[in-house]
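Results of the structural survey
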Amino acid sequence: MPSYHHVRTSTFDVRLRLRLRLLVAIMILAQSSYTVMGFARPYSRPAAHAKNPLLKTTTISDARSANTSSRVRLSQSTNYSDRSSKRLRIKTKTMLSSIIATLLMTIKPAGAATAAAEKTKTMLSTVLAALSTTIKPAGAATAVAVAAAPSYHLTRILFLRMLAIVYIAAFSVAKFQNKGLIGDRGVAPARIVLNDCQKRQELRSARRKEWAEERKKYSQKGSRVMNKLSDSRIATLFRDKFWFRTDRADRPLPCLLWLAKDRRNLNPWLDGLANTGLLLSTIMLATGSANALLIFALWLIQRSFMSVGGVFYGYGWEPQLAELTFHAMFLVPLLSMDPFFGSKSGVFAVPTLVLWAIRFYLFKIMLGAGLIKIKSSDKKWKPGDMSTMYYFYETQPVPNPFSRQFHFMPKAWHKFEVWSNHFVELVAPFLLLLPFRKWRISGAIIEIMFQLTLITSGNLSFLNWLTIAPALLCLDDVFLTNNLSSFAQKVLIGTPMTSSFAASLKSGSMQLLHTPMPRKVISLAFFMLMAKLNVKVVQNLLAKRQLMNASFDKLRLAGTYGAFGVVAEEREELIIESAVDANGPWKEYNFNVKPGDVNRTPRWISPYHHRIDWQLWISAQTGRIERNPWMLSLLLKLLQQEKDVIGLLESDPWDGSGSSPKYIRVEKYKYSYNKRGSSPYWNRERIGKYFPYGQGVLTEAMLKDIIRGR
């Protein structure tokens, strides 16, 4: 019969064996998981890394000695792709140490098992000591975990420069065209919009004053505090100077032109705003950086032009630019112009919630453009026909020199283009919202290539350039440094500190700091605001009768967009003619890019834009002049030889003739491409008279009477 000590020793041996087997099983499982999850794969540095001039600076501490404004610190040398594996190794070693420590605490042998148990404890203690020497402190592990997040600092530089290019184009258009369009003696003067808005404000203020007096008779005790707040001087000033100054859709008009003392002399203000916008956007382009104040100034100038621009600022890309600028305001630091803003220990991460908000902004633009096509009444977008692109290149608003080449491609190719368009606008946008890096980057590249194709095939203002900008934020810094050539990196993302930042990124020592709590709160508030405003946008996208280029909040912070739901099959153009005698001869007015002279080859001007040319194309599509009353003012200004309006043309047909026109009319023609390599460039056929109707002609007095009677 076994003794007590023999039984006790046997039980201890069994328990010890079980614990050791469990320990071995855990180690095998940890190693298997480590290998299967792919963390054990070593990072291979690109061969181009050694030749990259942006990576010559090996340490950011060296760069800081030359530039004390740097916020990036180079710590230990490590590989970018190894960070996840390091975190897993630390966790595994910590777990094993805990298990071994527990085993040591439970080994309490007695009797004959003492020697064996002590030997086992010694072995486990040695293993525990070896593991402890390789485990980093908790703070260091946390820093590595934060640094393993994707970096978007170089991407933000590229995004801001693309946005700056768009703004330079937009404000260049404003500088050279706004005086003729909305200036003091322009086609649609801005003062008319401001005066109408002022009348609505005065009427609403008077009504509210009457209501406030009537309310005092029935005011309850609990509402006195709220009544005092709503009747305070600040609240009254806010209503009278902003909230009650609305357009016809009851939307407040944020506009710096309200500061002008004399609304009959707004031309200096229009030039000043355009020049200020050009200066700020040039700074952003040169530095690749911006702060919230600079972005807000750009947004306010853009909104000022939108508020008074009327039909000439009614295109979808105007609110689209303002919305993206509002997003960008929360993507940059409040005051700092440092693109690598941070502290001595690292750089602050680009706000993640803002990045996702901008990606959704691009998602709704592309999806809205696709849905508006398949929901439209135009069968050319539908399966079974798919012939839209056969007509689009000829009938688009402003063709470029390559448009005719695209037009004469085989019909099978045009059908493929329609299918490709549906894929890019209806399927690819969903890739932008996926949490998987490779899929998201693929979606961004698809959208960028699509926009570049549109840029080469037509002059669609800065719309395509603007749509490229948010797609860039789906790319990260590692993608840019690994895929851009040395020259491209210098041009697109080069700054005084880019080389040191890229070096730390490549070596894996770039450290992202935790975002300060105030910034987190602001980013979260912005994200929640945009989520709320986009609820109606999503509802519109899902609606059977989808609105195109519309906003659902009073400040127009979020909108829904789309284009070319219906594509015409024939190109109709309005040709304006004037004469000294009612019987002729008649002289045509040639505009800058709009088809007129059949021998003139179209020009490539994107991202620049001629607003009057585009608006005349819209007028030809929408029918009678009653739907385009601004044309009456244009005809009157042409007869009056108004200098700023004549400046919108390619040339004045009466310049140097010694006489001025007395009569004017508008004819409608059908235009079509001549065969490639043939002359003239266009074929045209007269359809009839657009205005005035019948056989009459217009004089200055007649136009004044018509305008006065409206």
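Computed from a prediction, not measured in an experiment: that's the story for all the values here. (Residues numbered from 1 in each chain as written. Predicted model: local features only at pLDDT ≥ 70, side-chain atom pairs only at ≥ 80, totals over all residues. Heavy atoms only, no water.)

On to the packing of aromatic side chains. Tallying each qualifying case throughout the model produces 32 aromatic pairs. Aromatic pair Trp413 and Phe416: ring centres 5.3 Å apart, planes at 40°, arrangement tilted. Taken as a pair, Trp413 and Phe416 lie in helix α16 (residues 411-426) at a separation of three residues, close to a single helical turn. Members of the aromatic cluster, each reached through a chain of ring pairs, are Phe296, Trp299, Phe326, Phe330 and Phe526. Cation over ring: Arg359 sits above Trp356, and NZ or CZ is 4.5 Å from the ring centre. Here Lys411 stacks its cationic end above the ring of Tyr390, 4.9 Å away from the centre of that ring. (Phe/Tyr/Trp six-rings, centres within 6.5 Å; stacked < 30°, edge-to-face > 60°. Helix = DSSP H or I, 4+ residues; strand = E, 2+ residues; numbered from the N terminus. Lys NZ or Arg CZ within 6 Å of the ring centre and 35° of its normal.)

Right, let's talk about unusual backbone geometry for a bit. Each neighbour pair has its own omega, and for Gly584 with Pro585 the value is 0°, a cis peptide bond. Its place among the elements puts Pro585 in the loop between β6 (571-579) and β7 (587-588). Even without glycine at this site, Asp250 takes up a positive phi of about 65°. Mapped onto the secondary structure, Asp250 falls in the loop between α9 (233-243) and α10 (267-287). In this structure, Asn549 takes a positive phi of about 55° despite not being glycine. Exposure remark for Asn549: the relative accessible area of 33% places this residue in the partly exposed category. (Buried < 20%, exposed > 50% of the residue type's maximum accessible area, 1.4 Å probe, protein only.)

Quick look at the confidence of the model for the protein chain now. Within the protein chain, residue pLDDT values average 84, and 78% of them lie at 70 or more. Contacts from residues 23-85, a stretch scored under 50 in pLDDT, to residues over four places away or in other chains number 112 contacts. Confidence drops under a pLDDT of 50 for residues 134-147, and excluding neighbours within four residues, the segment shows 18 contacts in the predicted structure. (pLDDT = per-residue confidence, 0-100. Contact = heavy atoms within 4.5 Å.)

The strands that make up a sheet pair up through hydrogen bonds in the backbone, lying either parallel or antiparallel. Strand order across the open sheet formed by four strands is β7-β6-β8-β9, with antiparallel pairing between neighbours. A strand with exactly one partner marks an edge of an open sheet, and here the two such strands are β7 and β9 (682-691). Examined bridge by bridge, β6 and strand β8 (residues 663-673) share nine bridges and lie antiparallel to one another. Looking at the pairing, Glu572 lines up with Lys670 of β8. Seen against the sheet, helix α14 (residues 388-395) touches β6, β8 and β9 and runs at an angle of roughly 140° to β8. Along the sheet, helix α23 (residues 611-622) makes contact with β6, β8 and β9, crossing β6 at roughly 110°. (Pairing = 2+ DSSP bridges. Axes fitted to C-alpha atoms, helices over the stretch in contact; angles between N-to-C directions.)

Next up on the list: the side chain of Lys380. The topology assignment puts Lys380 in the loop between α13 (352-374) and α14. Discounting chain neighbours no more than four positions away, the residues touching Lys380 are Asp385, Met386, Ser387, Thr388, Tyr391, Val567 and Glu569.

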